[in-house]
2 protein chains.
Amino acid sequence: MKITIADVARKAGVSKSTVSRILNGNYEQNTQRTIDKVLKVIEEMDFQPNALAKGLKSNKTNIIGIVLSNLKNPFWASVLEGVEDECRSSGFNLMICNSNENPRVERDHIKSFQLKQVEGIIINTTLGNEDIYKDFTEKNFPFVTINRKIPNTEVNGVFMDNIEGAKIAVQHFIDNGLREIAIFIYPTEGVSPREERLEGYRQALQDNSLVVKEELIKIVGENKEIVKKEVKNLLNSHQKVEAIFSTNNILTLYVMEAIRELGLKVPQDIALIGYDETVWSMHLNPPLTTVYQPAYKMGELAAKKVIELINNKEQKIPTEQISLLPNLIVRQSSIQRSQLNE
Amino acid sequence: MKITIADVARKAGVSKSTVSRILNGNYEQNTQRTIDKVLKVIEEMDFQPNALAKGLKSNKTNIIGIVLSNLKNPFWASVLEGVEDECRSSGFNLMICNSNENPRVERDHIKSFQLKQVEGIIINTTLGNEDIYKDFTEKNFPFVTINRKIPNTEVNGVFMDNIEGAKIAVQHFIDNGLREIAIFIYPTEGVSPREERLEGYRQALQDNSLVVKEELIKIVGENKEIVKKEVKNLLNSHQKVEAIFSTNNILTLYVMEAIRELGLKVPQDIALIGYDETVWSMHLNPPLTTVYQPAYKMGELAAKKVIELINNKEQKIPTEQISLLPNLIVRQSSIQRSQLNE
DNA sequence: ATGAAAGCGCTAACAT
DNA sequence: ATGTTAGCGCTTTCAT
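(A) Structural context of the interface of chain B and chain A. Counting residues at the interface gives 49 residues for chain B, matched by 49 residues for chain A. Here chain B and chain A share an interface that buries about 4900 Å² over both sides, 58% of which is from carbon and sulfur atoms. A salt bridge links Glu-81 of chain A to Lys-72 of chain B; its shortest N-O distance comes to 3.3 Å. In this structure, the connection of chain B to chain A is made through 18 residue pairs in polar contact (both at pLDDT 80 or more). Where the side of chain B that touches chain A is concerned, the elements lending two or more residues are helix H4 (51-58), helix H5 (74-89), strand E2 (93-98), helix H6 (103-115) and helix H11 (249-261) of chain B. Residue contributions to the side of chain B that touches chain A peak at 7 residues, all from H6 of chain B. Among the residues forming the side of chain B that touches chain A, the class breakdown is 23 nonpolar, 14 polar and 12 charged. Two strands pair when backbone bridges link them, and strand E2 (residues 93-98) of chain A and E2 of chain B are joined in this way by 3 bridges, in the antiparallel orientation. In the sheet register, Met-95 of chain A faces E2 of chain B, and the bridge partner there is Met-95 of chain B.

(B) Inspection of the protein's contact with DNA strand C at higher detail. The full set close to DNA strand C counts 25 residues, and Ile-5 and Ser-20 of chain A together with Arg-21, Gln-29 and Thr-34 of chain B are the nearest of them. Counting only atoms of DNA strand C within 4 Å of the protein, the fraction found in sugar and phosphate groups is 61%. Between DNA strand C and Lys-16 of chain A there is a distance of 2.8 Å, counted from a base nitrogen to a side-chain nitrogen or oxygen. In the environment of DNA strand C, a base oxygen lies 3.4 Å from a nitrogen or oxygen atom belonging to the side chain of Lys-57 of chain A. Listed by contribution, the elements that provide at least two residues to the surface near DNA strand C are helix H2 (16-23) and helix H4 (51-58) of chain A together with helix H2 (16-23) and H4 of chain B. Tallied by class, residues from the surface near DNA strand C come to 6 nonpolar, 13 polar and 6 charged.

(C) Inspection of the environment of Lys-16 of chain B at higher detail. Residues and elements named next belong to chain B. Tracing the sequence through the fold places Lys-16 in helix H2. Separated by 69 residues in the primary sequence, Lys-16 and Asp-85 have C-alpha atoms spaced 34 Å apart. Not counting the four nearest positions on each side in its chain, Lys-16 is found in contact with Ile-5, Ala-6 and Ala-9.

About the thresholds
Residues numbered from 1 in each chain as written. Chains lettered and ligands numbered in written order. Predicted model: local features only at pLDDT ≥ 70, side-chain atom pairs only at ≥ 80, totals over all residues. Heavy atoms only, no water. Contact = heavy atoms within 4.5 Å. Buried area = accessible area lost by both parts, 1.4 Å probe. Salt bridge = Lys/Arg side-chain N within 4 Å of Asp/Glu carboxyl O. Polar contact = N/O pair within 3.5 Å; in protein donor to acceptor, adjacent residues only side chain to side chain. Helix = DSSP H or I, 4+ residues; strand = E, 2+ residues; numbered from the N terminus. Nonpolar A, V, L, I, M, F, W, Y, C, P; charged D, E, K, R; others polar. Pairing = 2+ DSSP bridges. Near = heavy atom within 4 Å.

In structure tokens, the structure reads:
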């Protein structure tokens, strides 16, 4: 049933080695006649070399594994696209799985990738398996983390500069004359992008000699109703709040809904900036100012890095942390009426 | 460096066969002592069986491949999640790639999957490689299409009932007293979901004895500005239009933007229904009525189907087409003021 | 209850 | 310029 290299060799009247050589482009020493003959037979028989056998022998599978923690967030779709494109253009296949933020699941997936002999792994870590990451790095196994930093561990990674991202958002508010700026953020829990966004928020205020008011820092979960309640409480309190910096794309939708339900207008009553540019940002009412993160680029660079590591396994390449700069996409949600009319 | 079954055998003082048996749960005829001993050594050495060798020998890789055509659309993220979950719980790994709607790329990916000996393939076809699909089906190779139907070809597939989806949307308009209903749709180009949505639109009108007005059928490309121009032309013409059925989630955002720019209100001036429920639908202003499609379910069922085919390769299972029903999520965008005040 | 040995399909060192 | 041969790490039949 399945055609092997031996079948081709027999039919072409040559040895398996010759077929193998030609298959792999080691033409140098072959007669053009032989090459043509073998190629013709391969074509005729529609021969498909078995990558398993090849991989077993050569220790190269041309497979990269990626572990994501959340497929639903469009941010990750872009990252995945970047990784996929890069893999494709470099001739690698991509194995994907979803840890769903569960370290146990992540661990299983990594093990499974190893059994399958993937040549490298890209991961958005759940921060529960540092021992594995450390082990990989020590063993020189091609491994790249994305998005989340791993504390106290020198591994290859591609990250966003989240401090900067928060700073440009808050600075933009300040530049527009807003001073009472609240931040909505998920519990940081050691997740570096969250910690950094909060840190960036603080820094931006301090850089402008403004005091950081703890009551304007709203740490919220993913429950929509609770988020909305927090927004309403904040805006109804005697706290003066002029602007909200919402640090997650879905969270921002909840915030807007709450504001709308209060009968308040963005940006006239309250200015708003969201984190992560999405397809819908510009279509919200009003169009939303967002911190754009180069997600596709992050995926692409991560893939490039693993591939570089794979192609240079002999050399011990020093670990590298790449940091990508976000930028602000200014729309109406963040600009007060006075500016709007200029 | 790498530990093999031979190393384990040596250390445990047994043969490779014994280790292999125990590894694969063929305990029946082994002494408990041997089992324990071998298991202990496996544990101690942290032995990881090489799936390549296993696959080469056993002709089973436990890998499924999926070819998607568009990673960015959140609809596909849900599908992917369904596929991934099902694969995981059934012990399969998932290889993913993106055809980007390009049949040539799709073809390359499929070839590549075959070389890697994937045991089954799930695909959202670009409709350019029917020969391959037919071939797979004839050869009894586990193969399932999703979302798009392949004309004149009996292959396994999981689809949405797009005729029904369009009908419930249009019927909802009609039930609310709206008669002049326009549809915005991408060029059908043989893509079954588009054809069916258009068909469903026509049927719904006819079922209610309304005439289908060709000038209310707007076939548009993906260019935002052109879409907006079309919307404006339509609403500014002396055509009476009471409602718009927008058949794609991104398209709907463009439509809304154009309406807003015209100074018209949804739903008072023009009612609107979009296709595909998304995270942002409920947060638009006004909240958008959408046709919800069970995307996760589609992914899950497709994966279940390939796995079923994989596990029963001997039997020729007749091809099956599964159709999933969408349903309408009613929000304010589709309900005219009169209803709103009830 | 366990072991020996052949072989899955390929590559590569060595031989010619 | 091409062929021979010995594995890669595993499974599995056949022996014992």
